[in-house]
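# A closer look at the structure
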Amino acid sequence: MPEPVKVLTKRYEVEDAHTLDGYVRTGGYAALRSALGSSPEQLRQLVKDSGLRGRGGAGFPTGVKWGFVPQDTGKPIYLVINADEGEPGTFKDRELMERDPHQLLEGIVIASYALNCTRAFIFLRGEYLWPGIRIEQALAEAYREGYIGRDVLGSGVDVDITLHYAAGAYICGEETALLEALEGRRGQPRLRPPFPAVAGLYASPTVVNNVESIANVPHIVEHGAEWYRSMGTEKSPGPKLFCVSGEVVRPGNYEWPLGTPARQIVEESCGGMLEGRALKFWAPGGSSTPLLTAEHYDVPMDFDSIAAEGSLLGTGAMMMFSERTSVVDAVLNWTKFYEHESCGKCTPCREGVFWMAQILERILEGHGRIEDLQTLDDACDNIFGRSFCALGDGATSPIKSSLKYFRNEYEQLIERGRLPQEYAAHAGVVTDNSGMHRPSQLVRR
Ligand SMILES: Cc1cc2nc3c(=O)[nH]c(=O)nc-3n(C[C@H](O)[C@H](O)[C@H](O)COP(=O)(O)O)c2cc1C
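Please read all numbers here as calculations on a predicted model, not as lab measurements.

With that settled, consider the site of the ligand. Taken together, the neighbourhood of the ligand is formed by 18 residues, with Gly 56, Lys 65, Asn 209, Asn 210 and Ser 213 sitting nearest. In the environment of the ligand, an oxygen atom lies 2.8 Å from a nitrogen or oxygen atom belonging to the backbone of Gly 56. Within the side chain of Asn 210, one N or O atom sits 2.8 Å away from an oxygen atom of the ligand. In isolation the ligand exposes 610 Å². Once the protein is present, 89% of that is buried. When residues in the shell around the ligand are grouped by element, the largest group, three residues, is from strand β4 (residues 206-210).

So, in structure tokens, the structure goes:
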């Protein structure tokens, strides 16, 4: 059975870990010193050998992505850290930045050196004020002591890091929309190709990586690829932060090797489901990942095992719901989010998600028709793979998967014209199009 690990979270118990003193005292920046003794090619190979896969959602191998960057164009190379963290249920990057900001900065300097990049950006979710303050303080300290800036630790290597506060839009987490926003334009996705590795920020070669992905880098440099591969599975190596929320005893961020069964994470770290509640459905990696059921509770939490069950590991944000929760209302809640966050650039997402939200709302208000279920299914098929970026695909996930596993619940709701009486108003809220909140009625007493 896998054991919990403490790699990315190893300083979470250290009170002053967010300060340079606390970080250096606990071994921080040793990896940077050692990295500066290797060549950029050796470091890129090391990260490739470690098998690290991106933690921002898609699981793309980080070393392979770094290898796509052409080194001979004469243009500057940029590294952009995606700290937008907009995926519902996801709160791992926030804690990483608040509790151990230097870990991220050390990873950025090493990654920049490996990529021959002298200017990196942190694209921070606008609402993340406290993580932003911690990063600003850490940047000031690291600049002052020569870990960042001109001639890093006397090595002749230059790396500058700019913190950019984003305006707070989910679409700006999509890497090309992020680059548009960073350049000062409206955050809407770009047509690909060209991919950012070739023509990204200011049309220069650019790597966009998630906070957690880059936080892994100092540990890989310090302990080697083989050590890294000793955790997790062959195709999904390393530690992972799982953000568990919903109807569990102790929601929170927990670090386990990839491939740990979902049940083990929830039972051992979170104390299981709330008393008297049995698992009914859950999202394994944020609301954009297809829902799973109690039958999938023992699935190993790694990229391939979750894909084999028809879902996605996504960000590792596990949202757990019991039989007290109406799946239809939960799905409406998420669909309202996608409707609100659709950037409007492409028709399938802009129109389709709007109409799906209308239909779901109608069903919940007691005016549903049985044909609505086919319409929802068709709408999903016309959005999935046809929208300009993956936001549209993600919006179909909760609907498609809930229709697959809980069609009877939709049918009963349409037949009765209301939620079963056992469901009662709970504290949850749903954001509607105007930004107003209406109380959601999804939990049974
Ligand atoms: C709508 C949408 C929102 C996204 N939001 C985020 C985000 O907040 N943070 C993130 O790291 N990746 C996000 N992604 C994924 C990024 O596009 C990109 O794959 C990721 O930053 C790459 O980093 P990685 O390879 O280290 O995972 C989002 C993707 C989509 C389609």
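Quick look at the domain arrangement of the protein now. By the assigned domains, the protein splits into domain 1 (20-229), domain 2 (239-322) and domain 3 (327-444). The C-alpha-based centres of domain 1 and domain 3 are spaced at 35 Å. Contacts between domain 1 and domain 3 engage twelve residues on the former and nine residues on the latter. Carbon and sulfur atoms make up 72% of the surface buried where domain 1 meets domain 3, a total of about 920 Å² over both sides.

This next bit is on the sheet that holds strand β6 (residues 252-257). Spatially, the five strands line up as an open sheet ordered β6-β5-β9-β7-β8, and their pairing is mixed. Two strands lie at the open edges of the sheet, namely β6 and β8 (292-293), each paired on one side alone. In terms of strand pairing, strand β5 (residues 239-246) meets strand β9 (residues 317-322) through four bridges, oriented parallel. The residue of β9 that forms the bridge with Gly 246 is Met 320. Relative to strand β7 (residues 279-283), helix α14 (residues 327-341) is tilted by about 15 degrees, and along the sheet it contacts β7 and β9.

This part takes up a nonpolar patch on the surface. A cluster of nonpolar residues, Leu 129, Trp 130, Ile 133 and Tyr 165, forms a patch on the protein surface that exposes about 370 Å² of accessible area. Examining the composition of the nonpolar patch, we find that three residues originate from one element, helix α7 (residues 129-144), more than from any other.

What follows concerns helix α3 (residues 40-50). Residues of α3 that are buried: Pro 40, Leu 43, Arg 44, Val 47 and Ser 50. Viewed end-on, α3 has its buried residues packed into an arc of 125 degrees, placing them on one side of the element.

Turning our attention to the packing of α3 against helix α6 (residues 101-115). Running from N to C, α3 and α6 point in directions that differ by 115 degrees, and their axes come no closer than 7 Å. As for the relative orientation of α3 and α6, their crossing is left-handed in sense. Residue-level inspection shows Pro 40, Leu 43 and Arg 44 of α3 in contact with α6, the latter providing Ile 110, Tyr 113, Ala 114 and Leu 115.

All chains considered together, the criterion is met by zero disulfides. There is no disulfide at Cys 243, and the cysteine sulfur nearest it, in Cys 270, is 11 Å away. Relative accessible area serves as the criterion here: at 0%, Cys 243 is assigned to the buried category.

Here we come to the confidence of the model for the protein. Any region with low pLDDT has predicted coordinates that should not be read closely. A residue-level look at the protein finds 94% of positions with pLDDT of 70 or above and a mean pLDDT of 94. Confidence over residues 424-445 falls short of pLDDT 50; this stretch has 51 contacts with residues more than four positions distant or in other chains.

Another aspect to go through is the sheet that holds strand β3 (residues 160-165). Taken together, the four strands give an open sheet; going across it, the order is β3-β2-β1-β4, and neighbouring strands pair in parallel fashion. Sheet topology places β3 and β4 at the edges, where each strand pairs with a single neighbour. Each neighbouring strand pair of the sheet contributes to a mean axis angle of 20 degrees, computed without reference to strand direction. Taken together, the six bridges between strand β2 (residues 119-124) and β3 define a ladder with parallel strand orientation. If you follow Leu 124 over to β3, its bridge partner there is Tyr 165. Contacting β2 and β3, α7 crosses the sheet at an angle of about 160 degrees to β3.

What counts and how
- Residues numbered from 1 in each chain as written.
- Predicted model: local features only at pLDDT ≥ 70, side-chain atom pairs only at ≥ 80, totals over all residues.
- Heavy atoms only, no water.
- Near = heavy atom within 4 Å.
- Polar contact = N/O pair within 3.5 Å; in protein donor to acceptor, adjacent residues only side chain to side chain.
- Areas by Shrake-Rupley, 256 points an atom, 1.4 Å probe, with all protein chains shown as cover.
- Helix = DSSP H or I, 4+ residues; strand = E, 2+ residues; numbered from the N terminus.
- Domains from an automatic or database assignment.
- Contact = heavy atoms within 4.5 Å.
- Buried area = accessible area lost by both parts, 1.4 Å probe.
- Pairing = 2+ DSSP bridges.
- Axes fitted to C-alpha atoms, helices over the stretch in contact; angles between N-to-C directions.
- Patch = residues over 30% accessible without salt bridge, like charges linked within 9 Å, V, L, I, M, F, W, Y side chains within 5 Å.
- Salt bridge = Lys/Arg side-chain N within 4 Å of Asp/Glu carboxyl O.
- Buried < 20%, exposed > 50% of the residue type's maximum accessible area, 1.4 Å probe, protein only.
- Arc of directions from axis to C-beta.
- Left-handed = near helix turned anticlockwise from the far one by under 90°.
- Disulfide = S-S within 2.5 Å.
- pLDDT = per-residue confidence, 0-100.

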